Amino acid sequence: MSKLVLTNAQVLVNAVDISNHVQSVTIESTRDEVDVTSMGDNNKEIVLGLGDVTFTVTVFNDYAVGSIDATMFPLHTTNTPFAVEVRPVNGARSTSNPGYTITALLPQYHPIAGSVGDAVTTDLVFRNAAQTGLQRQTA
Amino acid sequence: MARRRFIVTGNLGVQDPETGEVARAGDVVTLEEKDEHTQGLVDAGLLELESEHDADAAAATMACPLCDEQGVKKVPEFGDWTDLAAHYGKAHPGFVVPSWKGGNA
């Protein structure tokens, strides 16, 4: 795969493909910068500390049976982590179409948010909830 | 645990845990019926047992009760009450259309 315009990313939440309601998706993986600069050093020195991952998925909410709201609300209320996966292109994982996965929880959910005349969009902010952190899978 | 066939009924896709393929509305996936995840998808309206789906589809049509009573060989079936009422008007004039499927006659 060469340079890509994002038009058909795949988002799977708890084994449900919600891609056809997704407006945007962002994966944010961070590692704490731990300062280990010591006496006698001339420059700051850091090492990487604890990792953290957040998947932010903006969806057009849909209140129909078997759609977004009916799927997300139970996930918001459960304390059992579930899998979330994002791929650049809606298709099988491969070396050029990696699947980024986390085991997550959904601590915040805004079923309705918007102004008059707006499409009802909802930010789904999935937070890392397992020690496996962010995985990059190609098969 | 029993594996059963489910029909995808929502407007989202459901990933087959074994193949990783995504099944779309109308597709059939075979899953463990008692599995917590499967139950969650059923509760959310994403999946429906194929047998119940078929039964619902069958129940969605109504056979003409008068034709049935009169021993007609091939009892006509109708998708909604309006069609049944129209049939009554032609085939059974003077009879009251049954109201058991939403009618008010």
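Quantities reported herein were computed from a predicted structural model and do not represent experimental measurements.

Cut-offs used in this document
- Residues numbered from 1 in each chain as written.
- Chains lettered and ligands numbered in written order.
- Predicted model: local features only at pLDDT ≥ 70, side-chain atom pairs only at ≥ 80, totals over all residues.
- Heavy atoms only, no water.
- Helix = DSSP H or I, 4+ residues; strand = E, 2+ residues; numbered from the N terminus.
- Buried < 20%, exposed > 50% of the residue type's maximum accessible area, 1.4 Å probe, protein only.
- Polar contact = N/O pair within 3.5 Å; in protein donor to acceptor, adjacent residues only side chain to side chain.
- Contact = heavy atoms within 4.5 Å.
- 1 Å grid on protein atoms, 1.4 Å probe; cavity = no way out; pocket = protein on both sides within 12 Å on 5 of 7 lines; lining within 4 Å.
- Points joined across faces, edges and corners; volume = space filled by probe spheres on them.
- Nonpolar A, V, L, I, M, F, W, Y, C, P; charged D, E, K, R; others polar.
- Salt bridge = Lys/Arg side-chain N within 4 Å of Asp/Glu carboxyl O.
- Buried area = accessible area lost by both parts, 1.4 Å probe.
- Pairing = 2+ DSSP bridges.
- Arc of directions from axis to C-beta.

Enquirer: Before we go on, may I ask you to explain the side chain of glutamine 10 of chain A in this structure?
Expert: Along the polypeptide, glutamine 10 of chain A turns up in strand S1 (residues 10-13). We classify glutamine 10 of chain A as buried; its relative accessible area is 2%. Among the polar contacts listed, one links the side chain of glutamine 10 of chain A to the side chain of aspartate 17 of chain A, at a separation of 3.0 Å. Setting aside residues up to four positions removed in sequence, glutamine 10 of chain A forms contacts with Asp17, Ser19, Glu85, Val86, Arg87, Val89, Asn90 and Gly91 of chain A together with Val22 of chain B.

Enquirer: What am I meant to see in the layout of surface pockets here?
Expert: Empty space among the atoms can be located by rolling a probe the size of a water molecule over them. Taken as a whole, the largest pocket holds about 350 Å³ of empty space. Around the largest pocket, the lining is made up of 16 residues, and of these Asn14 and Leu75 of chain A together with Glu36, His37 and Gly40 of chain B lie nearest the centre. It is helix H1 (residues 36-43) of chain B that provides the largest number of residues to the lining of the largest pocket, a total of five residues. The residue makeup of the lining of the largest pocket, split by class, is eight nonpolar, six polar and two charged.

Enquirer: Got a minute to help me understand H1 of chain B in this structure?
Expert: Note that an α-helix has 3.6 residues per turn; residues three or four places apart therefore point the same way. Measuring from the side-chain oxygen of the N-cap residue of H1 of chain B to the backbone nitrogen of histidine 37 of chain B gives 2.9 Å; that N-cap residue is aspartate 35 of chain B. A positive backbone phi angle near 85 degrees is found at glycine 45 of chain B, which sits one or two residues after H1 of chain B.

Enquirer: When you look at the pattern of salt bridges in this model, what are you seeing that I'm missing?
Expert: Two side chains carrying opposite charge are able to pair once their charged atoms lie near each other. Under the defined criterion, the tally for this structure stands at nine salt bridges over all chains. Across the salt bridge formed by aspartate 35 of chain A and lysine 44 of chain A, the nearest N and O atoms sit 3.9 Å from each other. Among the residues examined, aspartate 35 of chain A registers a relative accessible area of 43% and is labelled partly exposed. For glutamate 32 of chain B, the salt bridge goes to arginine 3 of chain B, with nearest N and O atoms at 3.9 Å. Of this pair, glutamate 32 of chain B sits in strand S4 (residues 28-32) while arginine 3 of chain B sits in strand S1 (residues 3-8), and the two are 29 residues apart along the sequence. Residue classification places arginine 3 of chain B among the partly exposed positions, given a relative accessible area of 41%.

Enquirer: Just checking my understanding: could you explain the interface of chain A and chain B for this structure?
Expert: Often, the extent of an interface is quoted as the loss of accessible area upon association of its parts. Across the contact, 18 residues belong to chain A and 13 residues belong to chain B. Roughly 1200 Å² of surface becomes buried between chain A and chain B when both sides are summed, with 50% attributable to carbon and sulfur atoms. Of all residues in chain A, the largest losses of buried area upon contact with chain B belong to Ala15, Asp17 and Gly66 of chain A, amounting jointly to 37% of the total for that side. Connecting chain A to chain B are one salt bridge. For aspartate 17 of chain A, the salt bridge goes to arginine 24 of chain B, with nearest N and O atoms at 3.1 Å. For the interface between chain A and chain B, the tally reads nine residue pairs in polar contact (both at pLDDT 80 or more). When contributions to the side of chain A that touches chain B are tallied by element, the ones reaching two or more residues are S1, strand S2 (16-17) and helix H1 (68-77) of chain A. When its residues are assigned to classes, the side of chain A that touches chain B shows seven nonpolar, eight polar and three charged. Here S2 of chain A runs beside strand S2 (residues 13-15) of chain B; their pairing, made up of two bridges, is antiparallel. Opposite valine 16 of chain A, over in S2 of chain B, you have valine 14 of chain B as the bridge partner.

Enquirer: What am I meant to see in the pairing of S1 of chain B here?
Expert: Within a regular strand, side chains alternate between the sheet's two faces. Residue and element names in this part refer to chain B. Of the pairings in the sheet, the one linking S1 to S4 comprises five bridges and is antiparallel in character. The partner of phenylalanine 6 across the bridge, within S4, is valine 29. Note: S1 against strand S5 (residues 47-49), three bridges, orientation antiparallel. Following the sheet pairing, phenylalanine 6 is matched in S5 by leucine 49.

Enquirer: What exactly am I supposed to notice about H1 of chain A here?
Expert: All names here are of chain A. Residues of H1 that are buried: Ile68, Asp69, Thr71, Met72 and Leu75. All buried residues of H1 lie within an arc of 160 degrees about the axis, which places them on one face of the element. Tucked into the core, H1 has its buried residues touching S1, S2, strand S4 (46-60), strand S5 (82-87), strand S6 (99-108) and strand S7 (121-128).

Enquirer: I would appreciate a short explanation of the environment of aspartate 35 of chain A in the present structure.
Expert: All names here are of chain A. Tracing the backbone through its elements, the reader meets aspartate 35 in strand S3 (residues 22-35). Residues aspartate 35 and leucine 48, spaced 13 residues apart in sequence, show a C-alpha to C-alpha distance of 8.8 Å. In contact with aspartate 35, not counting residues within four places along its chain, are Lys44, Glu45 and Ile46. Within the structure, aspartate 35 has its side chain in polar contact with the side chain of threonine 37 (distance 2.5 Å).

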